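Descriptive structure summary
Okay, here's what each chain looks like letter by letter:
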Amino acid sequence: MRIGVDVGGTNTDAVLMDGRNVIAAQKTPTTENVSDGIVKAITSVLDQSGKSANAVKCVMIGTTQFTNAFVERRNLVEVGVIRISLPATRGIPPMTDWPDDIRSVIGSNFEMIRGGYQYDGRLNSEFDEKGFREAVKRFKSRGLKAIAISGLFSPVNGEMEDRAEEIILKEIPDCNVTLSSRIGRIGLIERENAAIMNASLAALSVKIVASFRKALADLGILAPFYISQNDGTLMKAEFVEKYPVLTFASGPTNSMRGAAYLSGIEDALVADIGGTTTDIGMLTKGFPRESSLTVDIGGVRTNFRMPDIFALGLGGGSIITTEGDLKVGPKSVGYRLTEDAMVFGGDILTSTDIAVAAGYADIGRKSHISHLPEELIAEAVERIHHIVADGIDRMKTSADLVPLILVGGGAVLINRDIPGTLKVIIPEHAGVANAIGASIAQVGGEIDRVFSYDTVGRDTAISEAKAEAISVAVEAGAAPDTVQVIDIEEVPLAYIPGGAVRLRIKVAGELNLDNVVRAE
C-alpha cells in the first residue's frame with residue numbers, strides 16, 4: 001500500500017494505491033502552509049479506504065513549489081558563484097544574460113578561478129586552491145551561506161568540484177554548496193545557471209521538505225517518503241534538500257506518467273488540462289520525451305533534463321471574454337473556480353461554464369447559465385477545441401496519427417475528436433493522474449559522458465555506460481532485477497579528435513520496497 005501526493009499551485013491531490021489499483025483519491029485546495037493541505041488530502045484517502053497509517057509502506061510526493069518560487073522570484077537567497085575554468089571561458093563571466101530582476105535578488109557575487117579539465121577528463125589547467133580559498137573568504141565576509149560551483153568539463157571529471165566543496169565547508173561549515181556536475185550536463189554556461197538556481201533555493205528546500213516531514217508525522221505515518229523529479233523518477237528527501245532544482249517540471253511529468261499508467265498506453269500524446277493551463281507532451285515508452293534544447297526557466301537558460309512540454313493558457317478556470325472577438329483565456333479564475341464560475345453562483349464566465357452549458361459536463365448548477373445564447377456557447381466550444389488542436393499540432397513530430405490521452409480536472413472541456421490524433425482517451429481517475437504518476441515513480445540512474453570510440457570501441461563504451469547507470473539506480477534504491485534501459489543518446493563530437501562521442505544512457509527500475517526503512 002502506498003500513497004501518491006501532488007502539491008500543485010492550485011490543488012493538492014492524493015491517491016492510495018494497492019499494487020496497480022487505485023483504492024481512494026482526493027483533490028483539495030493547496031494551502032499556504034503546505035503541510036496542512038497534505039494532511040487534509042491524505043486523511044481523506046485513509047478515511048475513504050478504512051486503512052490505518054500503519055498500512056502505508058511508502059509515500060511519493062510531487063511538487064511545483066520550487067518552480068513557482070524561482071519563476072515568481074520569492075523565497076530566494078543570495079548566492080556566491082565560483083567557476084573553475086581559467087584561462088578558458090574568461091570572456092563570458094557567470095550570470096551574463098540573467099534578467100536584472102533575478103540578479104537583484106540573488107546578487108552578482110561571482111569569482112573565476114584557474115582550473116578545469118578537457119573533454120575526456122584530462123587536466124586542462126591546475127586547480128588554483130590558494131585563489132579559491134581567498135574567494136571563499138571574500139564570500140564569507142559578505143555573509144553568503146549558499147555557493148554554486150561550476151568547473152570546466154566537471155561532469156566528466158568531478159574531482160576539482162569535490163575538492164572545492166571540502167574547502168568551502170572547512171571555511172563555512174553551515175554553507176549550502178551546489179556542485180554543477182551533480183545536476184547539469186556538459187555545456188558549462190547552462191549547467192552553471194542550473195547550479196546557481198539550485199543554490200538560490202537552499203533555504204526554501206529545507207523549509208518545504210520539513211513541511212512534508214511534519215505532515216506525515218502529524219498523520220502518524222512512519223513510512224519513508226520520496227519526492228519525484230522531472231524525469232519521472234524518485235529522489236530521497238535528503239537529496240531534494242540539497243538539489244531542489246531537480247523537481248522543476250515534475251508536475252507535468254507526473255501527469256504524463258499517470259496518463260500512461262491509467263490508459264495502459266506507453267506511446268501517445270498527453271494533454272494535462274488544469275485550472276489555468278494545459279500542458280501537452282509526448283510519451284515514449286511510458287516516459288515523457290525530453291527536451292533536446294536548452295530550457296528557459298524564469299528567463300534563465302539551463303541544460304538539465306526537462307520534459308518537452310508545450311504549455312497553453314487554457315484550463316477549467318479560463319475566463320471567456322465576449323467584448324470584440326470571443327477569447328478563451330489565458331486569464332483564469334484559478335483556485336477561485338468554485339466561487340467565481342457562474343455554475344457555482346459567481347459572475348465570471350469560464351470555460352467550465354461553457355462545457356456545462358453545452359451539455360457535456362455535469363458540474364455545479366446548469367440553471368445558473370441557462371441565459372447564455374446558443375451562438376455564444378457554440379463559438380466558445382469551437383474555440384476551446386481549436387486551442388487544444390493547435391497545441392497538438394505544435395508538439396507532433398510526424399504526420400502519423402497517435403492516441404491523445406486527456407488528464408487533469410479540466411479534461412471535461414473536450415468532447416470531440418482532435419484533428420491529427422488517432423482517438424481521444426479520458427481514463428478513469430484522470431483528474432488525479434498527477435498523484436498517481438507520483439505514486440508509481442521509479443528509481444532512475446543516468447550517465448552522461450564523452451567516450452573515445454577509437455580507443456575503447458562503441459560496444460565496450462555502451463556496455464560500460466549501461467553498467468554505470470544501472471549501478472547508480474540500484475544504489476539509489478531500485479530493485480536490481482527491474483532496472484531497464486529507457487533511453488540511449490549518442491552524439492558524435494566531430495570537432496574533437498579520437499572519435500569522441502557524447503553518450504547518455506538513462507535507466508529506471510521499481511523502488512525496492514523490501515529495503516525501505518521506516519522512521520522510528
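What comes next concerns the included structure. (Residues numbered from 1 in each chain as written. Predicted model: local features only at pLDDT ≥ 70, side-chain atom pairs only at ≥ 80, totals over all residues. Heavy atoms only, no water.)

A large share of strand S23 (residues 500-509) lies buried, amounting to nine of its 10 residues. Two strands pair when backbone bridges link them, and strand S21 (residues 443-452) and S23 are joined in this way by 10 bridges, in the antiparallel orientation. Residue pairing in the sheet places Gly-444 in a bridge with Ala-508 of S23. Of the strand pairs in this sheet, strand S22 (residues 484-492) and S23 are connected by eight bridges, and their pairing is antiparallel. Note that in S23 the partner of Val-485 across the bridge is Val-507. (Buried < 20%, exposed > 50% of the residue type's maximum accessible area, 1.4 Å probe, protein only. Helix = DSSP H or I, 4+ residues; strand = E, 2+ residues; numbered from the N terminus. Pairing = 2+ DSSP bridges.)

This paragraph deals with the pattern of salt bridges. This structure, assessed with the given rule, holds 24 salt bridges. For Glu-192, the salt bridge is made with Arg-83, and the minimal N-O distance between the two is 2.9 Å. Taken together, the residues Glu-192 in helix H6 (residues 188-200) and Arg-83 in strand S5 (residues 80-86) connect sequence positions 109 residues apart. For Glu-192, a relative accessible area of 2% corresponds to the buried category. Taking the shortest distance from any N to any O, the salt bridge between Arg-301 and Glu-190 comes out at 2.8 Å. Here Arg-301, found in strand S15 (residues 300-302), pairs with Glu-190, found in helix H6; they are 111 residues apart in sequence, far enough to count as distant. (Salt bridge = Lys/Arg side-chain N within 4 Å of Asp/Glu carboxyl O.)

This part covers unusual backbone geometry. The general pattern is negative phi for most residues beyond glycine and trans for most peptide bonds. With an omega of 10°, the peptide bond running from Leu-86 to Pro-87 counts as cis. Its location among the elements puts Pro-87 in the loop between S5 and helix H3 (100-106). For the peptide bond that leads from Gly-329 to Pro-330, omega is 0°, which places it in the cis range. As for its placement among the helices and strands, Pro-330 is situated in strand S18 (residues 327-332). Positive phi, close to 65°, is recorded for Met-95, a residue that is not glycine. Along the chain, Met-95 falls in the loop between S5 and H3.

Before going further, it helps to spend a moment on the sheet that holds strand S4 (residues 58-63). Across the sheet, six strands lie side by side as S3-S2-S1-S4-S9-S10; this open sheet has mixed pairing. The two strands at the open ends of the sheet, each matched to only one other strand, are strand S3 (21-29) and strand S10 (234-236). Each strand of the sheet is rotated relative to its neighbour by a mean of 25°, with strand direction disregarded. When strand S2 (residues 11-18) meets S3, the two strands line up antiparallel, connected through eight bridges. Each residue of the ladder has a partner; that of Leu-16, found in S3, is Ala-24. Lying over the sheet, helix H7 (residues 202-218) contacts strand S1 (2-7), S4 and strand S9 (225-228), oriented at roughly 135° with respect to S9. (Axes fitted to C-alpha atoms, helices over the stretch in contact; angles between N-to-C directions. Contact = heavy atoms within 4.5 Å.)

A few words on the packing of helix H4 (residues 129-141) against helix H5 (residues 159-171). Geometry of a packed helix pair, given as the angle between the helix axes and the separation of the axes. With their axes 10 Å apart at the nearest point, H4 and H5 run at an angle of 40° to one another. For the element pair H4 / H5, the angle class is oblique. As for the relative orientation of H4 and H5, their crossing is right-handed in sense. From H4, Glu-129, Phe-132, Arg-133, Val-136, Lys-137 and Lys-140 reach across to H5, where they touch Arg-163, Ala-164, Ile-167, Ile-168 and Glu-171. Grouping the constituent residues of the contact of H4 with H5 by class yields five nonpolar, no polar and six charged. (Parallel < 35°, antiparallel > 145°, perpendicular 65-115°, else oblique. Left-handed = near helix turned anticlockwise from the far one by under 90°. Nonpolar A, V, L, I, M, F, W, Y, C, P; charged D, E, K, R; others polar.)

Attention now goes to the packing of helix H1 (residues 34-49) against H7. One can describe the packing of H1 onto H7 by two numbers: an axis separation of 8 Å at closest approach and a directional angle of 35°. You can see that H1 and H7 cross each other, and the crossing is right-handed. Of H7, the residues touching H1 (which contributes Val-34, Ser-35, Ile-38, Val-39 and Ile-42) are Ile-208, Ser-211, Phe-212, Ala-215, Leu-216 and Asp-218. The residue makeup of the contact of H1 with H7, split by class, is eight nonpolar, two polar and one charged.

Structural measurements only, silent on function.
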